[in-house]
Amino acid sequence: MDLILYSCKARLNSYFRHKKMQRVLLLALGIVLSAFYAWLFTYLLQQAREGGLNMDVSQMLGYTNLLLLAFTILRGFFPAYIPKADFINRIYPVKPLKRFWTELVVELVSPFYFVLLNFLLLLFMMSSDYTVLHLVQSFLVFLTAHITRRSLQVFIERRINWRSSAFWGAVIMAGAFIALEARAPMFEPVNSVMMLVVHLASLASFLLANFLLEQAAFEPKRRTVNYSHNARRSLGWRLFKNHKMAKQLLLFGLGFKVLMLGIDATVYTAKGIHMLDKNATLWFFVGPLVIYTYVFNNVWGFYKNLWLTTERATGSYKEFLKASLLPLRMPILIDAALVVLYVAFFNHEQATFILLMYAAAVMVLTPIGIIASFTSPKMVKGGILSFSAKTSYLYSFLSMLLLGLLFLPLLHPMLYMVYPIVIALTLFAMVAVLQEYKQFKYKLFETLYKTE
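Residues numbered from 1 in each chain as written. Predicted model: local features only at pLDDT ≥ 70, side-chain atom pairs only at ≥ 80, totals over all residues. Heavy atoms only, no water.

A.B. asks: Could you clarify how one ought to interpret the overall build of the protein chain in this entry?
C.D. replies: Secondary structure assignment for the protein chain yields 19 helices and two strands. Within the protein chain, buried positions represent 47% of all 452 residues. Long-range contacts, defined here as pairs at least 24 residues apart, represent 77% of the contacts in the protein chain between residues at least 6 apart. Of the accessible surface of the protein chain, which amounts to about 23,900 Å², a share of 68% is contributed by carbon and sulfur atoms. (Helix = DSSP H or I, 4+ residues; strand = E, 2+ residues; numbered from the N terminus. Buried < 20%, exposed > 50% of the residue type's maximum accessible area, 1.4 Å probe, protein only. Contact = heavy atoms within 4.5 Å. Areas by Shrake-Rupley, 256 points an atom, 1.4 Å probe, with all protein chains shown as cover.)

Below, the structure written as structure tokens:
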């Protein structure tokens, strides 16, 4: 217990050690938003009870739990991948079970889960349709989502001993979890304490599976990079291929995008409808957002040697602009090819909008990425799986906000007029930042090359 309390205290202190006022304000904003969404869901539940929606209260509660499940899992992978943190190094003489419980509890001590818990409690207090049973069930749903995310992170980050008894034990317990969920899905609202006991047993088997999976994951994956010296390869290709961390993050982000578009394509093939039409937030995966929030909102953090070479050679803002576009060329081509294939085979109806939106998104997000790289650089350290931010959270959310403005033509074609305004504003901001480069280069050098 002392180890858990100490680790939780250290985790909380780490959040507010830097930019304390900014993070306190963000937490306060999260609490306000949780209250707003609690009121909104209370209103929707009331409308469902009175017949004002095309669903009843049970269906509304089920969709709420599904949204909770999806949002908790996606948070670890979008807009940027969040590695699983090893709070206790394996070389320390701590028993595996104690380490597992400590890390599980400490992971739950975060502003996101605090805001989420605040939302559930406020919804319970505001809505008479959301009972104690539903509150406990939602808590089990979000724990299941968290364990699912941990399991995915273990597969991504560590080598698995596929022949070990721990792995096969994890498979058996995960099979028990899936069997119970197939008979009684956890997201469907419960009406008795007995169903909560069933869900609790299901969660316990999944938790044991996660513990055994971690025991079967014995070391981080080894990564190698093969450098290409083929002179006929373009510089943009070599910048993409030879930077192992940027390449791995970009490929992971693009793979996640392929997964989301693949799910939409599968639903369209089976039912003739698009998930994009049912959930507007999925449109984010059609644009090139992932390659910016993963890497190019911090281009100089990844390609700091390219920045230093350009600085020592010319120091001209035009050269910096050219240099910042070089690493972006290959990922944009790959991402655009994925979108064109998706449009060609699965979404002819929205082809005009998607292609115009994609072109405008590149013209908006590229200046934002250049601005972020100069004004809010991050030192990329510790490898791809380190528990540190690779890009600025502020500019990641700003990128999402600006990209969201490009979806306005879905409401009315006249709103395409927003495109030149947004593009012009971002280009103007980029030029203003580049002209003040002399003030930013010292901060860049201190951030990128400082010693610890």
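A.B. asks: Sorry, what's going on with the environment of Val-431 here?
C.D. replies: Positionally, Val-431 belongs in helix H18 (residues 418-435). Considered as a pair, Val-431 and Ile-370 are 61 residues apart in the sequence and their alpha carbons are 9.9 Å apart.

A.B. asks: Sorry, what's going on with the nonpolar core here?
C.D. replies: Within soluble globular proteins, side chains that are nonpolar tend to cluster in buried spots. Counting residues in hydrophobic clusters, the biggest one holds 64 residues, and the most contacted among them are Ile-291, Phe-296, Trp-300, Met-357 and Phe-374. The leading source of residues in this core is helix H16 (residues 351-375), at 14 residues. Setting aside residues no more than four positions away along its own chain, Met-357 makes contact with Val-286, Gly-287, Leu-403, Leu-406, Phe-407 and Tyr-419. In terms of nonpolar packing, the next biggest core, distinct from the first, is built from 29 residues, Leu-104, Tyr-113, Leu-140 and Ile-160 among them. (Core = buried A, V, L, I, M, F, W, Y, C linked by side-chain atoms within 4.5 Å.)

A.B. asks: I tried to follow the pattern of salt bridges on my own but got confused; where do I start?
C.D. replies: Pairing is possible between side chains that carry opposite charge, provided their charged atoms lie close to one another. Taken as a whole and assessed by the stated rule, the structure comprises four salt bridges. A cluster of three or more residues bridged by salt bridges with shared partners is formed by Glu-107, Arg-150 and Glu-214. (Salt bridge = Lys/Arg side-chain N within 4 Å of Asp/Glu carboxyl O.)

A.B. asks: Please clarify how the packing of helix H6 (residues 132-157) against helix H8 (residues 193-216) should be interpreted in this entry.
C.D. replies: Two measures define how a pair of helices packs: the angle their axes make with one another and the distance between the axes. Relative orientation of the contacting elements H6 and H8 amounts to 15°, with a least axis distance of 10 Å. It follows that H6 is roughly parallel to H8 by the angle criterion. As H6 runs across H8, the sense of the crossing is left-handed. Contacts from Leu-133, Val-136, Gln-137, Leu-140, Leu-143, Thr-144, Ile-147, Thr-148, Arg-150, Ser-151, Val-154 and Phe-155 of H6 reach H8 at Val-193, Leu-196, His-199, Leu-200, Leu-203, Phe-206, Leu-207, Asn-210, Leu-213 and Glu-214. (Axes fitted to C-alpha atoms, helices over the stretch in contact; angles between N-to-C directions. Parallel < 35°, antiparallel > 145°, perpendicular 65-115°, else oblique. Left-handed = near helix turned anticlockwise from the far one by under 90°.)

A.B. asks: Before we go on, may I ask you to explain the packing of aromatic side chains in this structure?
C.D. replies: Think of a pair of aromatic rings as described by two things: how far the centres are apart, and how the planes are tilted against each other in angle. The final tally for this structure, using the stated rule, is 20 aromatic pairs. Seen from their ring centres, Phe-167 and Trp-168 are 5.5 Å apart, and the 75° between their planes marks the pair as edge-to-face. Residue class for Trp-168 comes out partly exposed when judged on its relative accessible area of 48%. Feature note: the residues Phe-71, Phe-112, Tyr-113, Phe-139 and Phe-142 constitute an aromatic cluster, connected by ring pairs. (Phe/Tyr/Trp six-rings, centres within 6.5 Å; stacked < 30°, edge-to-face > 60°.)

A.B. asks: Sorry, what's going on with helix H4 (residues 96-108) here?
C.D. replies: Along an α-helix, residues three or four positions apart point the same way, because every turn accommodates 3.6 residues. End to end, H4 covers 19 Å across 13 residues, agreeing with the expected 18 Å (1.5 Å per residue, within 8%). If you check which residues of H4 are buried, you get Arg-99, Phe-100, Thr-102, Glu-103, Leu-104, Val-106 and Glu-107. As for H4, its buried residues are in contact with helix H1 (2-15), helix H5 (111-126), H6 and H8. (Expected span 1.5 Å × (residues − 1).)

A.B. asks: Which parts of the structure should I look at to understand the packing of H16 against H18?
C.D. replies: Between H16 and H18, whose axes approach to 9 Å, the crossing angle comes to 20°. On the basis of the axis angle, H16 is roughly parallel to H18. Where H16 crosses over H18, the two elements pack in a sense that is left-handed. Here Phe-353, Leu-356, Met-357, Ala-360, Met-363, Val-364, Pro-367, Ile-368, Ile-370, Ile-371, Phe-374 and Thr-375 of H16 lie close against H18, whose contacting residues are Tyr-419, Val-422, Ile-423, Thr-426, Leu-427, Ala-429, Met-430, Val-433 and Leu-434. For the contact of H16 with H18, the residue count by class is 19 nonpolar, two polar and no charged. (Nonpolar A, V, L, I, M, F, W, Y, C, P; charged D, E, K, R; others polar.)

A.B. asks: Which parts of the structure should I look at to understand the confidence of the model for the protein chain?
C.D. replies: The predicted coordinates should not be examined in detail at positions where pLDDT is low. Mean pLDDT for the protein chain: 81, with 90% of residues reaching 70 or above. Here residues 224-228 scores under 50 on pLDDT; set against residues more than four positions off or in separate chains, the count is 10 contacts. This model gives residues 384-388 a pLDDT under 50, and the stretch forms 17 contacts once residues within four places in sequence are excluded. (pLDDT = per-residue confidence, 0-100.)

A.B. asks: Honestly, a nonpolar patch on the surface in this entry has me stumped. Any pointers?
C.D. replies: Residues Leu-26, Leu-29, Leu-33, Phe-36, Tyr-37, Trp-39, Tyr-43 and Met-126 make up a contiguous nonpolar surface patch of about 820 Å² in total accessible area. Looking at which element gives the most residues to the nonpolar patch, the answer is helix H2 (residues 20-49), with seven residues. With respect to the secondary-structure elements, Phe-36 resides in helix H2. (Patch = residues over 30% accessible without salt bridge, like charges linked within 9 Å, V, L, I, M, F, W, Y side chains within 5 Å.)

A.B. asks: Honestly, the side chain of Thr-72 in this entry has me stumped. Any pointers?
C.D. replies: Structurally, Thr-72 is set in helix H3 (residues 57-74). For Thr-72, a relative accessible area of 0% puts it in the buried group. For Thr-72, the side chain forms a polar contact with the main-chain oxygen of Leu-68, separated by 2.7 Å. Here Thr-72 is in contact with Phe-112, Tyr-113, Leu-116, Phe-142, Ala-145, His-146 and Arg-149, once residues within four sequence places are set aside. (Polar contact = N/O pair within 3.5 Å; in protein donor to acceptor, adjacent residues only side chain to side chain.)

A.B. asks: What's the story with H3 in this structure? I'm lost.
C.D. replies: Here H3 is 18 residues long and its end C-alpha atoms lie 26 Å apart, about the 26 Å a rise of 1.5 Å per residue gives. Of all the positions in H3, only Val-57, Met-60, Leu-61, Gly-62, Thr-64, Asn-65, Leu-68, Thr-72 and Ile-73 are classed as buried. In this structure, the buried residues of H3 make contact with H2, H5 and H6. A distance of 3.3 Å separates the backbone nitrogen of Ser-58 from a side-chain oxygen at the start of H3, and that oxygen is part of Asp-56.

A.B. asks: Looking at this model, I keep getting lost on the environment of Tyr-292. Mind explaining?
C.D. replies: Structurally, Tyr-292 can be placed in helix H12 (residues 289-294). Its relative accessible area of 1% is what places Tyr-292 among the buried residues. In this structure, the C-alpha to C-alpha distance between Tyr-292 and Ser-399, residues 107 residues apart in sequence, is 8.3 Å.

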